[in-house]
Amino acid sequence: SGRACDHYHRFREDFDIARSLGHNAHRFSIEWSRVEPEEGKFNEQEIEHYREVVRALRERGMEPFVTLWHWTNPVWFAERGGWEKRDASIIFSRFCERIAGEMKDDVRYWLTGNELETFARHGYFLGDRPPGTRNPFRSYAVLRNLAFAHCAAYETLKKVNATFQVGFTENLVHFEPYDKKPHNVLLLYLLKWWRNNPFLKNFLAASDFIVLQHYFHTRVRFGPHSQWWVQYNENRRVSDFGWEIHPESIYHVLKELSAYQKPIVVTENGLADARDHYRGVYIREHVAQIGKATQEGVDVRGYFHWALLD
């Protein structure tokens, strides 16, 4: 991807700016392929780089939130079948154990993976992201294996340090029916089950806290002609991607998640807005909706805007 904003070398400067803005936490990912470029062979120089990143955050009074897998795979892992193999959880746990062992005294919050349902859906069902497969059965199998991997990584991390707080991130949509007709209500439940991770309860059973990523509101009904369902959002305000800006949605998702009775951290919420036309009001309105949820008893512990460095 090239140097981009060169955060790899300029992280201290970036953290100084973040701290000057009042940030007290920072989420980042550890690139598996940097750390383990060949199976079973770990790169000590890259491990030290990530230790320096964590130390730089601690020196600035910022809490590290570490994501251990954010969609990219080492080439050797992909070539052996990646997440389609049942033993992928064993291999991933080995990586998690090594990283956690190196940082057990400085990192408290660990996220095993990023939007696991999104990866399985786009990569293996929709086919518009690597590996570009369109097979619902393979998509389901990959998501199932990711559930195994998360649970195995949770146990591994807890063995390294029982005080670790471990979770995973998921991008949950707020669905509502176009009207109260029975077929549209049924459609809502079907889409919600499919899109919001059919294994969600399995993942949450091995999580100390809930990690929400939220962007989407979808009003649905059965559609005419070739489409079996159609989105009927009002779209009064949209991002550069055409995604509806609907702050009330995060309130509804948080209220639903409160049923699991675990602390919640929002680790992604934002918009594509090249001119920053909506960004200020977007943040204010979404944080206000989070505040409304907390006033009603939802245990929200933190909020990260996506993203610091985009």
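Scroll up to find the structure this text is about.
Residues numbered from 1 in each chain as written. Predicted model: local features only at pLDDT ≥ 70, side-chain atom pairs only at ≥ 80, totals over all residues. Heavy atoms only, no water.

Draft legend 1. Focus on the overall build of the protein chain. Of the regular secondary structure elements, the protein chain holds 11 helices and 11 strands. Structurally, the protein chain occupies a C-alpha span of about 60 × 45 × 40 Å along its principal axes. Buried positions account for 47% of the 310 residues belonging to the protein chain. Long-range contacts, defined here as pairs at least 24 residues apart, represent 74% of the contacts in the protein chain between residues at least 6 apart. Of the accessible surface of the protein chain, which amounts to about 15700 Å², a share of 51% is contributed by carbon and sulfur atoms. In the protein chain, 41 side chains carry a positive charge and 41 a negative one; their mean positions are 4 Å apart. (Helix = DSSP H or I, 4+ residues; strand = E, 2+ residues; numbered from the N terminus. Buried < 20%, exposed > 50% of the residue type's maximum accessible area, 1.4 Å probe, protein only. Contact = heavy atoms within 4.5 Å. Areas by Shrake-Rupley, 256 points an atom, 1.4 Å probe, with all protein chains shown as cover. Lys, Arg positive; Asp, Glu negative; His and termini not counted. Charge placed at Lys NZ, Arg CZ, Asp CG, Glu CD.)

Draft legend 2. Spotlight on the side chain of Asn269. Residue position: Asn269 is located in the loop between β10 (264-268) and α11 (279-295). Given the relative accessible area of 0%, Asn269 is considered buried. A distance of 3.1 Å separates polar atoms of two side chains, one belonging to Asn269 and the other to Tyr282. In this structure Asn269 touches His214, Tyr215, Ile250, Tyr282, His286, Tyr303, Phe304, His305 and Trp306, once residues within four positions along its chain are discounted. (Polar contact = N/O pair within 3.5 Å; in protein donor to acceptor, adjacent residues only side chain to side chain.)

Draft legend 3. The pairing of strand β2 (residues 63-67), seen in detail. β2 sits mainly inside the fold: 4 of its 5 residues count as buried. Summarising the sheet, strand β1 (residues 25-29) and β2 pair through 5 bridges and their orientation is parallel. Following the sheet pairing, Ala25 is matched in β2 by Glu63. (Pairing = 2+ DSSP bridges.)

Draft legend 4. Main features of the packing of helix α5 (residues 88-103) against helix α7 (residues 136-160). Contact geometry for α5 and α7: axes closest at 9 Å, N-to-C directions at 30°. Comparing their axes, α7 and α5 come out roughly parallel. Handedness of the α5/α7 crossing: right-handed. Across the interface between the two elements, Ser89, Phe92, Ser93, Cys96, Glu97, Ala100 and Gly101 from α5 touch Phe148, Ala149, Ala152, Ala153, Thr156, Leu157 and Val160 from α7. Of the residues contributing to the contact of α5 with α7, the split by class is 9 nonpolar, 4 polar and 1 charged. (Axes fitted to C-alpha atoms, helices over the stretch in contact; angles between N-to-C directions. Parallel < 35°, antiparallel > 145°, perpendicular 65-115°, else oblique. Left-handed = near helix turned anticlockwise from the far one by under 90°. Nonpolar A, V, L, I, M, F, W, Y, C, P; charged D, E, K, R; others polar.)

Draft legend 5. View of the sheet that holds strand β6 (residues 174-177). In spatial order, the strands read β6-β8-β9; together these 3 strands make up an open sheet with mixed pairing. The open sheet has two edge strands, β6 and β9 (229-231), and neither has a second partner. The average undirected angle you get between the axes of adjacent strands in this sheet is 35°. The sheet contact formed by β6 and strand β8 (residues 217-222) spans 4 bridges and is parallel. Paired with His174 across the bridge in β8 is His217. Contacting β6, β8 and β9, helix α8 (residues 182-195) crosses the sheet at an angle of about 130° to β8.

Draft legend 6. Main features of the packing of aromatic side chains. If you walk through the whole model with that rule in mind, you get 25 aromatic pairs. Centroid distance Tyr215 to Phe216: 6.1 Å. Interplanar angle 55°. Geometry classified as tilted. Residue classification places Tyr215 among the buried positions, given a relative accessible area of 12%. Chaining the aromatic ring pairs together yields one cluster made of Trp32, Trp69, Trp76, Phe77, Trp83, Phe92, Phe95, Phe119 and Tyr124. The ring of Phe42 has Arg98 lying over it, and the distance from NZ or CZ to the ring centre is 5.0 Å. A cation over a ring is seen here: Arg121 above Trp194, with NZ or CZ 6.0 Å from the ring centre. (Phe/Tyr/Trp six-rings, centres within 6.5 Å; stacked < 30°, edge-to-face > 60°. Lys NZ or Arg CZ within 6 Å of the ring centre and 35° of its normal.)

Draft legend 7. The arrangement of the environment of Lys85 in detail. Inspection of the secondary structure puts Lys85 in the loop between α4 (75-79) and α5. Since its relative accessible area comes to 40%, Lys85 is described here as partly exposed. As for Lys85 and Val142, which are separated by 57 residues in sequence, their C-alpha atoms are 8.2 Å apart.

Draft legend 8. Looking closely at the pattern of salt bridges. In the structure shown here, the tally under the stated rule is 27 salt bridges. The partner of Arg12 in a salt bridge is Glu52, with the nearest N and O atoms 3.5 Å apart. Of this pair, Arg12 sits in helix α1 (residues 7-20) while Glu52 sits in helix α3 (residues 44-59), placing them 40 residues apart in sequence. Salt-bridge contacts for Arg58 lead to Glu63; the nearest nitrogen and oxygen are separated by 3.0 Å. Each of Glu44, Glu48, Arg51, Arg55, Arg98 and Glu102 takes part in one network of salt bridges that share partners. (Salt bridge = Lys/Arg side-chain N within 4 Å of Asp/Glu carboxyl O.)

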